[in-house]
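Below, each chain spelled out in residue letters.
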Amino acid sequence: MTLRFFGAPKTSFLVLEVFKDRTNALTFYLDSENNAIFGKFRENISIQDIKTKKIFRRSVKNMIIAADFSAAYTALVPIKAERDNPTEPLSGTELENLLAQAVGKTFNQCRLVAARELGVDDLNIVLVNSRVVNFKLDGHRVLNPLGFQADEVEAVLELTLTTREVLERIQAIFRSSGIERFLGEAAENERQPFFFTEISRSALLVLQRVRDLPLGLVFVGREESMLATAQKAAVGEIIHRVRLRWGQESFLDVIRKEWTITPEIAEKIYKLYIRGDLSPKVNGFLRRLLEPPRDWLWQELARAKCFGRIFLASPDELPFTFPVRKKNLVADLPPIEEILRHFGLNLDLGAWPLQPYAVFRLLAPVLESYGDKSDSTINRWLRRRLSWLGPVRGKSL
């Protein structure tokens, strides 16, 4: 797949990276040859920053909200419905009703799961995006089911949920910037002005373009990490999220305890080891010292019943020689350059003042948005019928 932008000489992007307690902002643009040119990156932006530092302009063309797993949850709901009149072609009205009924039966459960994952009361959970994918008629996959005869309709509903606090923060950011078209504000026959997604879902979708399922992706944190896995299912795929009781601090802790030193000194020693700037004797000692926390990761992955190929996305370098093969899984770093080539995106990682990990997190939602079909007629119907569930309708924003 190659990204195309209708011959525009310059296409601008704004990516808001939303965490539970903060928001980062990236701006960049693509020229007519699909070269990605870095603009600005600001961490933990505030309303005052937006008003005084001109982080982004109202004229930005593509706006993407990329929520961290701490701020959003994606529910995949397989649906199967027997038709009352299988000899009649499937109409838009019938499909719209089937989808609305399926959501009505499952939404409360999805909201409860999202509340548990995000650590809030279920009454504080709101729906921010929805789409339907992977249609099947009588077991045969079709891109668009309308107009066909069938006894049975199958599909997968993707519901993206977040907290009211996160949603209100996003609203405040755009109001302060002077942008008046808020998330979901598009009319029924218009393209949605924003693309809202959850980063782990985006990353898995992008990885599937260059690797086969099953896949796993570990977002490495300081004290704990998040594992997201994707496996094939009868219709679409199954996505699981599991918190791992392991993180970057595991390596620093064993160094600190071994020499009874401060966390700051332990981190300096760790970075020297990663860069290979220590003597062979000290290097060998640390390699053995760090073996237990390396094993803890494999134990956590085994506990999560993870198998196949997994990728470790870490803000800091890890003390592994990749790829790592362990029984029924292979661990590696995300193939960022291969992904960019697949999409026809030209990006010089050395010219961007961000680590490859950050580039992967920020651009995966952009790449997902260009393969997304949520602005199809069917998905606009779905959003209209889900208006009673809240902000996905748009006008309540």
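See the structure above.
Predicted model only: the values in this text are computed from it and were never measured.

A. Geometry of the overall build of the protein. A count of helices and strands for the protein gives 11 helices and 15 strands. Of the accessible surface of the protein, which amounts to about 19400 Å², a share of 49% is contributed by carbon and sulfur atoms.

B. Representation of the side chain of Ser-369 in the model. Structurally, Ser-369 is set in helix α10 (residues 356-371). Take Ser-369: its relative accessible area is 17%, and that puts it in the buried class. From its side chain, Ser-369 meets the backbone oxygen of Val-366 in a polar contact 2.6 Å long. Sequence-distant contacts of Ser-369, that is, excluding residues within four places in its chain, are made with Ile-64 and Phe-195.

C. Main features of a nonpolar patch on the surface. Taken together, the side chains of Trp-259, Val-282 and Phe-285 define a hydrophobic patch exposed on the protein surface, amounting to about 230 Å² of accessible area. Checked against the element boundaries, Val-282 lands in helix α7 (residues 280-289).

D. Geometry of the environment of Lys-326. Residue placement: Lys-326 occurs in strand β14 (residues 324-326). Judged by relative accessible area, which is 32%, Lys-326 ranks as partly exposed. Residues within four places of Lys-326 in sequence aside, it is in contact with Asp-295 and Trp-298.

E. Focus on the packing of aromatic side chains. One pass over the structure, following the stated rule, counts 10 aromatic pairs. Their ring planes at 20 degrees and their centres at 6.1 Å tell us that Phe-251 and Tyr-270 sit as a pair that is stacked. Of the two residues, Phe-251 is situated in helix α5 (residues 249-259) and Tyr-270 in helix α6 (residues 263-275); the sequence distance between them amounts to 19 residues. Each of the two residues, Phe-251 as well as Tyr-270, counts as buried. Pairwise contacts between aromatic rings join Trp-246, Phe-251, Tyr-270, Trp-298, Phe-320 and Phe-322 into one cluster. Directly above the aromatic system of Phe-19 lies the positively charged group of Arg-22, at a separation of 3.9 Å from the ring centroid.

F. Representation of unusual backbone geometry. For the bond running from Leu-213 to Pro-214, omega is 5 degrees, close enough to zero to count as cis. With respect to the element layout, Pro-214 can be found in the loop between α4 (199-207) and β10 (215-219). At the junction of Phe-322 and Pro-323, the peptide bond is cis and its omega measures out at -5 degrees in the coordinates. Within the element layout of this structure, Pro-323 appears in the loop between β13 (308-313) and β14. With phi around 50 degrees, Asn-44 is a residue other than glycine that occupies positive phi space. Its relative accessible area of 46% is what places Asn-44 among the partly exposed residues. The backbone phi angle of Asp-138 is positive, close to 50 degrees, even though this residue is not glycine.

G. Here's a closer look at the sheet that holds strand β5 (residues 72-82). Across the sheet, 4 strands lie side by side as β5-β8-β6-β7; this open sheet has antiparallel pairing. Each having just a single partner strand, β5 and β7 (140-141) make up the two edges of the open sheet. Sheet analysis places strand β6 (residues 125-137) next to β7, joined by 2 bridges and oriented antiparallel. Across the sheet, the residue bridging to Leu-137 is His-140, located in β7. In the packing of helix α2 (residues 92-118) onto the sheet, the strands contacted are β5, β6 and β8 (152-163), and the crossing angle to β8 comes to about 40 degrees.

H. Structural view of the sheet that holds β14. With respect to topology, 6 strands assemble into an open sheet ordered β12-β11-β10-β13-β15-β14, the strand pairing being mixed. At either end of the open sheet lies a strand with only one pairing partner, and these are β12 (237-244) and β14. Here the strands of the sheet are splayed against their neighbours by 20 degrees on average, with no regard to which way each runs. Sheet topology places β13 next to strand β15 (residues 329-332); 4 bridges connect them, and they run parallel. Bridged to Arg-309 within β15 is Val-330.

I. Seen up close, the packing of α5 against α7. For the pair α5 and α7, the least separation of the axes is 10 Å and the interaxial angle reads 115 degrees. The element α5 and its partner α7 pack so that their crossing is right-handed. Judged by residue contacts, Val-254, Ile-255, Glu-258 and Trp-259 of α5 engage Phe-285, Leu-286 and Leu-289 from α7. Of the residues in the contact of α5 with α7, the class split is 6 nonpolar, no polar and 1 charged.

J. Broad picture of the pattern of salt bridges. Under the definition given, this model contains 22 salt bridges. In this structure, Arg-245 and Glu-300 form a salt bridge, with 3.7 Å as the shortest nitrogen-oxygen distance. On the criterion of sequence distance, the pair formed by Arg-245 in the loop between β12 and α5 and Glu-300 in helix α8 (residues 291-303) is long-range, its members being 55 residues apart. Relative accessible area serves as the criterion here: at 63%, Arg-245 is assigned to the exposed category. Across the pair Arg-303 and Glu-300 runs a salt bridge, and its minimum N-O distance is 2.9 Å. Taken together, the residues Arg-303 and Glu-300, both in helix α8 and 3 residues apart, mark about one turn of the helix. On the basis of relative accessibility, which here comes to 36%, the residue Arg-303 falls in the partly exposed class.

About the cut-offs
Residues numbered from 1 in each chain as written. Predicted model: local features only at pLDDT ≥ 70, side-chain atom pairs only at ≥ 80, totals over all residues. Heavy atoms only, no water. Helix = DSSP H or I, 4+ residues; strand = E, 2+ residues; numbered from the N terminus. Areas by Shrake-Rupley, 256 points an atom, 1.4 Å probe, with all protein chains shown as cover. Buried < 20%, exposed > 50% of the residue type's maximum accessible area, 1.4 Å probe, protein only. Polar contact = N/O pair within 3.5 Å; in protein donor to acceptor, adjacent residues only side chain to side chain. Contact = heavy atoms within 4.5 Å. Patch = residues over 30% accessible without salt bridge, like charges linked within 9 Å, V, L, I, M, F, W, Y side chains within 5 Å. Salt bridge = Lys/Arg side-chain N within 4 Å of Asp/Glu carboxyl O. Phe/Tyr/Trp six-rings, centres within 6.5 Å; stacked < 30°, edge-to-face > 60°. Lys NZ or Arg CZ within 6 Å of the ring centre and 35° of its normal. Pairing = 2+ DSSP bridges. Axes fitted to C-alpha atoms, helices over the stretch in contact; angles between N-to-C directions. Left-handed = near helix turned anticlockwise from the far one by under 90°. Nonpolar A, V, L, I, M, F, W, Y, C, P; charged D, E, K, R; others polar.

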